[in-house]
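Each chain, written out:
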Amino acid sequence: MSNCRVCENSNKNKTLVVKQTGIQYLDEFEYTQCSKCKSLTIKEVPTNIVDYYEDYYSLKPFPQIQYSRLGSYLKRLWLSRFHKLGKWLPLKTHPLDLLALQSVLFLGVSPQTKILDVGSGTGKFVYDLHNLGYTQAIGIDPFIKKDLIYDNGAKIYKRELSKISDKYELITFHHTLEHLPDLDACLKLVKRTLDLDGCCVIRIPNISSYSAMKFGRYWTGIHAPYHLILPSYEILINRVFPRNGLKLRMVRGEQLYHFFLSNIDNSFDLITDGSKMFREFAPIHTQKNVRDFKQLARTIRSTPHLCEWINYYVGHDKSI
C-alpha cells in the first residue's frame, strides 16, 4: 500500500492504472487514490521523466504576433474590465490562452506589476502579457533547452523556482504545480518569493470535479505521467495552504464544454490545438452531444468545486 503524497495516509488507498496521455498510448502508470483526503498521486516518479518532456506541447515554438500600442491597450482593457464577456471573444481559436489571461487580468494588475510565471514552457503566456503591455513579466522553466528572449521583450529563463531570489507581486502556476513531486517544498518557495502583499494564482486540474468522478482513470486531468500530484479541493484549502503559511483569498472554477468531449475520447492533444478542435471532434460527437455538454458546462461553472479546473488565489498568512 502506497502513501498519499499529500497527507501521508496509507490506509485503504486504491491503485489506479492509467495509460500515458496522448494520441498514442505507450506506457502505463500506477496512481494512488487516497481514501482519506481524496487526492490522486503517482506512486513512483519515472526515473526518465525528462524523456517524456522531449516533445511536450508547452515546450514547442508558438506563432508570434505583436500588437500596436493602441491594440495592446484596447485588448488589455477588454480582458481586465470586461472579462465576463469572454464568451464573445474568439474561443474557437485560442480558448486555453484566453482562460490563462482572464485568470489574472481581472485582478486589476497594473502594467508595472512584477509577474513570475512558473513552468512557463516556451513562454506563450508571458509573451501574451508583454503584448498587452505587462513588460515586467518573466517566465521560468527547467525543461526548456536554453533561455529565450522574444522580439516583444518577453524573457523565459531555464531555471527552477529555488534559484529565484527576487520578490514578485504576482506569481502564476498555469497547470504546472501538479507536475512537481513535492507540493509543500514548492509552496514554501512561493511564500519566500511572493511579495508580502502579493498574490499567487494556482490553476490546477480538480480531482474533486464532476469530470474526475464521472470518467475515473480515463479522466484527461490525470495526464499520466506528467501530473504527479492532484490534491483534492478540501485538502488544499484546509491543510496544504495553511501548513505552508499561505492563506486562500478566492477560488474560481473553469469549465469549457470541450473538456467533456476530450474526456470521452481521451485525446489531450485535441484540446491544446484550438485550430483543429472542432474539426477533430465533429466525426465522433453528435450535435446533441455538443448541446448537452454546453448546457452541463454552464451548470457546473456556477459551482467552482465541481469544475474541471480550479484557480486558487493565495497570499501570505499574515497571522503567522
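This one's a predicted model, so the numbers in the text were calculated from it and none came from an experiment.

Each α-helix winds once per 3.6 residues, and so residues spaced three or four apart point in a common direction. The element helix α4 (residues 124-131) is extensively covered by neighbouring structure, given that seven of its eight residues are classed as buried. For α4, the set of buried residues is Phe125, Val126, Tyr127, Asp128, Leu129, His130 and Asn131. Looking one or two places after α4, you find Gly133, whose phi comes out positive at around 100°.

The strand order β6-β7-β5-β4-β8-β9-β12-β11 describes an open sheet built from eight strands, whose pairing is mixed. Edge positions in the open sheet fall to β6 (148-149) and β11 (246-254), since each of these has one partner strand only. Where β6 meets strand β7 (residues 155-157), two bridges bridge the pair, whose relative direction is antiparallel. In the strand pairing of β7, Ile149 is matched with Lys155. In this fold α4 packs onto β4 (115-118), β5 (137-140), β7 and β8 (168-174), with an angle of close to 170° to the strand it touches most, β5.

This brings us to the pattern of salt bridges. By the definition in use, this model includes seven salt bridges. A salt bridge links Lys60 to Asp55; the shortest N-O distance between them is 3.9 Å. The class for Lys60 is partly exposed, based on a relative accessible area of 39%. We classify Asp55 as exposed; its relative accessible area is 57%. One salt bridge in this structure joins Arg243 and Asp184, with 2.7 Å as the shortest N-O distance. Taken together, the residues span a long stretch of sequence, with Arg243 in helix α7 (residues 233-243) and Asp184 in helix α5 (residues 183-193) at a distance of 59 residues. According to the relative accessible area criterion, Arg243 is partly exposed, its value standing at 33%.

This brings us to the packing of aromatic side chains. By the definition in use, this model includes 14 aromatic pairs. Judged by centre distance (5.7 Å) and plane angle (65°), the ring pair of Phe241 and Tyr312 falls under edge-to-face. Here Phe241, found in helix α7, pairs with Tyr312, found in strand β12 (residues 309-316); they are 71 residues apart in sequence, far enough to count as distant. Exposure remark for Phe241: the relative accessible area of 1% places this residue in the buried category.

On average, residues of the protein carry a pLDDT of 84, and 82% of them reach 70 or more. Under a pLDDT of 50 for its full length, residues 82-93 has, in the predicted model, 18 contacts with residues more than four places off or in other chains. Confidence drops under pLDDT 50 across residues 267-282; counting only partners more than four residues distant or on other chains, this segment forms 34 contacts.

For soluble globular proteins, nonpolar side chains are generally found buried alongside one another. In terms of nonpolar packing, the biggest core is built from 77 residues, with Tyr31, Leu116, Leu161, Phe173, Ile202 and Tyr312 touching the most fellow members. Apart from the residues lying within four places of it in its own chain, the contact partners of Leu161 are Leu116, Val118, Ile140, Phe173, Cys186, Leu189, Val190, Arg192 and Thr193.

Taken together, the four strands give an open sheet; going across it, the order is β1-β2-β3-β10, and neighbouring strands pair in antiparallel fashion. Both outer strands of the open sheet, β1 (14-19) and β10 (229-230), are each paired with one neighbouring strand and no more. The pairing of strand β3 (residues 40-42) with β10 spans two bridges and is classified as antiparallel. In the sheet register, Thr41 faces β10, and the bridge partner there is Ile229.

Basis of the calculations
- Residues numbered from 1 in each chain as written.
- Predicted model: local features only at pLDDT ≥ 70, side-chain atom pairs only at ≥ 80, totals over all residues.
- Heavy atoms only, no water.
- Buried < 20%, exposed > 50% of the residue type's maximum accessible area, 1.4 Å probe, protein only.
- Helix = DSSP H or I, 4+ residues; strand = E, 2+ residues; numbered from the N terminus.
- Pairing = 2+ DSSP bridges.
- Contact = heavy atoms within 4.5 Å.
- Axes fitted to C-alpha atoms, helices over the stretch in contact; angles between N-to-C directions.
- Salt bridge = Lys/Arg side-chain N within 4 Å of Asp/Glu carboxyl O.
- Phe/Tyr/Trp six-rings, centres within 6.5 Å; stacked < 30°, edge-to-face > 60°.
- pLDDT = per-residue confidence, 0-100.
- Core = buried A, V, L, I, M, F, W, Y, C linked by side-chain atoms within 4.5 Å.

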